[in-house]
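For reference, the chains in residue letters:
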Amino acid sequence: PDQYGRTFIYMPADSKREYDTYDREKLLTKSRWLVNNHGISARAIDGVARYAVGRGICPQARTANRDWNQATEEAFEAKCGTSAFGFDVSAQVNFYEAQLLIVKQFLTDGDFFAQLLLSATGAGMAYFISGEYCQSAFNDKLFYDGVKTNRLGRPIQYRFVSDYNKPETAQIIDAADIIHLKRIHRHGFVRGVPALRHAVNHLHDMADI
């Protein structure tokens, strides 16, 4: 119960609404600023990401046909391991570089998205989307912070804009075509929160001093 003279604390009982869009985006922007401009913050994110990823996931074929295994691994390396053009639709990272990027991104921002697409030749590729592009429309009753869930809380659709400042560029994408990488703080969250969320104000003070 509230006590006279104590600071009023507001905390919604619904976990989904514990961090609303405004609070989450403020944490995201401050976290990014700290990683870009504050050495301790950058080390906290980069260090954890590098130790978590290590050498990363390395696909290995293990059938009884050794020649097929070798040919398959070489084909994967040529297409996805040495070039970004065969793996990332935006041609920025290859398969191995993407692993470090993903961890750094969702630690800094709270979450990160990968849309599963097919190339012109039918090969699987990934299109990476930063969290700020997942948005709800104004007064949207179906999507919360860009995510539509079923009655059990499972995401069934996502709403993405191609231009952050142009809500009319939005498109709805089924959850089956999206990999949502997120760092949740409590069960029931539909979006992730930055790893630095508890320290952003202290780190900001340190940077100012």
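The paragraphs below set out a description of the structure included in this document. (Residues numbered from 1 in each chain as written. Predicted model: local features only at pLDDT ≥ 70, side-chain atom pairs only at ≥ 80, totals over all residues. Heavy atoms only, no water.)

## Quick look at the sheet that holds strand β3 (residues 147-149)
With respect to topology, three strands assemble into an open sheet ordered β3-β4-β5, the strand pairing being antiparallel. The sheet is open, and its two edges are formed by β3 and β5 (171-174), each paired on a single side. Pairs of neighbouring strands in the sheet enclose a mean axial angle of 25°, with direction left out of account. The pairing of strand β4 (residues 155-160) with β5 spans four bridges and is antiparallel. Counterpart to R159 in the pairing with β5 is I172. (Pairing = 2+ DSSP bridges. Helix = DSSP H or I, 4+ residues; strand = E, 2+ residues; numbered from the N terminus. Axes fitted to C-alpha atoms, helices over the stretch in contact; angles between N-to-C directions.)

## Some words on the sheet that holds strand β2 (residues 124-130)
One open sheet holds the three strands; their spatial order is β2-β1-β6, and the pairing between them is antiparallel. The sheet is open, and its two borders are formed by β2 and β6 (178-182), each paired with just one other strand. For this sheet, the mean inter-axis angle between neighbouring strands, taken without regard to orientation, is 25°. Where strand β1 (residues 111-118) and β6 come together, five bridges link them in antiparallel fashion. Looking at β6, one finds that A114 is bridged to I179. The strands touched by helix α4 (residues 95-109) within the sheet are β1, β2 and β6, with β1 carrying the most contacts at an inclination of about 140°. (Contact = heavy atoms within 4.5 Å.)

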